[in-house]
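The chain contents come next:
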Amino acid sequence: MLSILGALGGVILAPLAGGLLSGVDRRLTARLQSRMGPPLLQPFFDIFKLFGKAPQATNAWLVFSAYIYLLASAFALFIFFMGGDLLLLFFVLTIGAVFQVVGAICVPSPFSQIGAQRELMLMVAYEPILILVFVGFAMCTGSFSIADVFKLNTPLLLKMPLLFLALGYALTIKLRKSPFDFSASHHGHQELVRGVQTEYSGPFLALIEIGHWLDLVLILGLCALFWHTSVIGMVLLVAASLFTEILIDNITARLTWQWMVQKQSLLVGMGLALVNLLWLYVA
Amino acid sequence: MGFVENMIKKSRLKSPWIVHFDCGSCNGCDIEVLACLTPMYDVERFGVVNTGNPKHADVLLVTGTVNHRNRHVLKQIYEQMPEPKAVVSIGACNLSGGVFKDSYNILNGAHTVIPVDVFVPGCPPKPEAIIDGVVTALNALAAKMGLGPAPGAALMPGDEDAPKAAAVG
């Protein structure tokens, strides 16, 4: 009972952490481009403003998809804080991603349609990597349970360094950071306007944005699992991942989907993951 | 609910997302609008984001000469923006038709098609003037929420009698 309450509290606090991290992201990005950048709380201002806009939706599926995406992200995070099953978490996360595609594909806007096709490409690229990382967890701990990770005495980073790099790939793709930001982007003036989020507006866009924050917290949480033995290690690992993510976002140009799916994801991401898994199997 | 409503009112003034529509300008005003986003002026300090999507935007920046073809596009973009919203008309051509005023194919300014909150004169106006225009548009938004007086949107003398587009046909 206590763990359920704890996990619920975590899910409720997660948007605060996610919004703050996203504020740090925007400010760091601005500094990397030698600008001042917005205030740290800017993402929260944006969200409150969006909730205050008049609701406007092309059809009911759009609204439904926004709610399901947020619910799936919240539920995946709940499973994570409960120390639950990694496979279940993976499937719930996929439901959220699929409904984002459904929301984008149910409207006639060509920007949204192309965004949806590209979002499917992103899923093809990051889901195999994510599942291989979870297989790595299972080979180290003997089960898919997150709680079992905390029974180990040594940090997982020592056993699966390459899988951590592969997770970094999946992280970049899942968060739609450059060079993989072709289905939607937080930067203005990209060729698809906002891709999958083009047709959302006002409160529904705010729901999608909060879902995105929850995803950010979840994925950084997964990174933290690689150094579960010390709190300082966790914080260091999360901070390093986030900073690298922002740096890469700012110094790379957008790739085409062929590059991402065939060369980057399959060769580099999956290659790293498979080599690490083989090593775990032999050792 | 008091806290949420207060936050919403406060946030509206702190996060003006912008959509920029060019009604066929010479690009002088457009370059100045985009200059506001560069590190030199960096309007993201005030939460301004150039969204390029009317459905996400709060403030519409219009430049260029409005004519009988693009006035429908302008109206459509305005109608796609969810309330509350503000319109800033930028540059001589967009205020009154500029050097093309009273040409057979030109409407004398965006205010003949959509309700405009702020006029920024100039050919082209400086980026500072455009930033000031957006800030004044925020005051107009605040006035619509009942916070403070509305800024006086002043047309150039002689432009008040420009006929509305609907009357021109």
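Residues numbered from 1 in each chain as written. Chains lettered and ligands numbered in written order. Predicted model: local features only at pLDDT ≥ 70, side-chain atom pairs only at ≥ 80, totals over all residues.

A. Molecular detail of the overall build of chain B. The helix and strand tally for chain B stands at six helices and five strands. The N-to-C order of helical and strand elements in chain B reads α-β-α-β-β-α-β-α-β-α-α. The buried share among the 169 residues of chain B stands at 45%. (Helix = DSSP H or I, 4+ residues; strand = E, 2+ residues; numbered from the N terminus. Buried ≥ 20, exposed ≤ 12 C-beta atoms within 10 Å, placed from the backbone.)

B. Focus on the overall build of chain A. When its secondary structure is counted, chain A shows ten helices and zero strands. Against the compact-globule benchmark of 19 Å for 283 residues, chain A has a radius of gyration of 18 Å, which places it among compact chains. Referenced to the eigenvectors of the C-alpha coordinate spread, the extents of chain A come out at roughly 55 × 45 × 40 Å. A buried classification covers 47% of the 283 residues belonging to chain A. A separation threshold of at least 6 residues defines the contact pool for chain A, and within that pool the share at least 24 residues apart is 74%. (Rg over C-alpha atoms; globule rule 2.2 N^0.38 Å. Contact = placed C-beta atoms within 7 Å.)

C. Looking closely at the packing of helix α8 (residues 202-224) of chain A against helix α9 (residues 231-251) of chain A. All names here are of chain A. At a closest axis distance of 8 Å, the pairing of α8 and α9 adopts a crossing angle of 125°. The angle between the axes of α8 and α9 places the two elements in the oblique class. By crossing handedness, the relation of α8 to α9 is classed as right-handed. Each of Leu220, Cys223 and Ala224 in α8 lies in contact with α9, whose residues at this interface are Met234, Leu237, Val238, Ser241 and Leu242. Of the residues in the contact of α8 with α9, the class split is seven nonpolar, one polar and no charged. (Axes fitted to C-alpha atoms, helices over the stretch in contact; angles between N-to-C directions. Parallel < 35°, antiparallel > 145°, perpendicular 65-115°, else oblique. Left-handed = near helix turned anticlockwise from the far one by under 90°. Nonpolar A, V, L, I, M, F, W, Y, C, P; charged D, E, K, R; others polar.)

D. View of the sheet that holds strand β4 (residues 86-90) of chain B. Residues and elements named next belong to chain B. Pairing is parallel in the open sheet, where five strands are placed in the order β2-β1-β3-β4-β5. Lying at the two open borders of the sheet, with one neighbouring strand each, are β2 (49-50) and β5 (118-120). Both β4 and β5 contribute to a ladder of three bridges, which runs parallel. Along β5, the bridge assignment pairs Val88 with Val118. Helix α2 (residues 28-35) rests against β1 (17-22), β3 (59-63) and β4 of the sheet, and its axis sits at about 145° to β3. Set on the sheet, helix α5 (residues 127-144) makes contact with β3, β4 and β5; between it and β4 the angle comes to about 155°. (Pairing = 2+ DSSP bridges.)

E. Examining the nonpolar core more closely. Ranked by size, the top nonpolar core spans 78 residues in total, and within it Ala76, Leu77, Ile129, Val133, Ala166, Leu167 and Ala170 of chain A carry the most contacts. Element by element, the count of residues in this core is highest for α8 of chain A, at 15 residues. In contact with Val133 of chain A, not counting residues within four places along its chain, are Leu163, Ala166, Leu167 and Ala273 of chain A. If you look at the next biggest cluster of nonpolar residues, it comprises 41 residues, including Val43, Val62, Leu74 and Leu107 of chain B. (Core = buried A, V, L, I, M, F, W, Y, C linked by C-beta atoms within 7 Å.)

F. Up close: the interface of chain B and chain A. Listed per partner, the contact involves 20 residues of chain B and 26 residues of chain A. Elements that contribute at least two residues to the side of chain B that touches chain A include exactly α1 (2-14) and β2 of chain B. Element by element, the count of residues in the side of chain B that touches chain A is highest for α1 of chain B, at five residues. Its residues assigned to classes, the side of chain B that touches chain A shows five nonpolar, eight polar and seven charged.

G. Seen up close, the packing of helix α2 (residues 42-52) of chain A against α8 of chain A. Residue and element names in this part refer to chain A. The N-to-C vectors of α2 and α8 enclose an angle of 145°; their axes lie 6 Å apart at closest approach. Once α2 is placed against α8, the crossing between them reads as left-handed. Each of Ile47, Leu50 and Phe51 in α2 lies in contact with α8, whose residues at this interface are Gly202, Pro203, Leu205, Ala206, Glu209 and Ile210. Along the lines of polarity and charge, the residues of the contact of α2 with α8 split into seven nonpolar, one polar and one charged.

H. Broad picture of the environment of Gly103 of chain A. Residue and element names in this part refer to chain A. Relative to the assigned elements, Gly103 resides in helix α4 (residues 86-105). Classification of Gly103 as buried rests on a count of 28 C-beta atoms within 10 Å. Spatially, the C-alpha atoms of Gly103 and Asn59 are 9.5 Å apart, while their sequence positions differ by 44 residues. If near-sequence neighbours (up to four positions away) are discounted, Gly103 is found in contact with Trp61, Leu62, Ser65 and Ala66.

I. Region of interest: the pairing of β4 of chain B. Residues and elements named next belong to chain B. Taking burial as the measure, the five residues of β4 include five buried ones, the bulk of the element. When β3 meets β4, the two strands line up parallel, connected through five bridges. Bridged to Val62 within β4 is Ser89. Since β3 and β4 lie parallel, the crossover through helix α3 (residues 70-80) that links them has a hand, and here it is right-handed. (Right-handed = clockwise from strand over helix to strand, strands pointing away.)

J. Main features of the environment of Ala142 of chain B. Residue and element names in this part refer to chain B. Considering the arrangement of structural elements, one finds Ala142 in helix α5. As a C-alpha pair, Ala142 and Glu44 span 98 residues in sequence and 20 Å in three-dimensional space. Aside from chain neighbours lying at most four places away, what touches Ala142 is Leu13, Leu147 and Gly148.

K. Structural detail: the confidence of the model for chain B. Per-residue confidence for chain B gives a mean pLDDT of 85, with 89% of residues at or over 70. With pTM at 0.89, the complex prediction returns an ipTM value of 0.86. (pLDDT = per-residue confidence, 0-100.)

L. Seen up close, the pairing of β1 of chain B. Residues and elements named next belong to chain B. Counting buried positions along β1 yields five of six residues, so the element is predominantly enclosed. Inspection of the sheet shows β1 paired to β2 by two bridges, in the parallel sense. The residue of β2 that forms the bridge with Trp17 is Val49. In the classification by handedness, the crossover that spans β1, the intervening α2 and the parallel β2 is right-handed.

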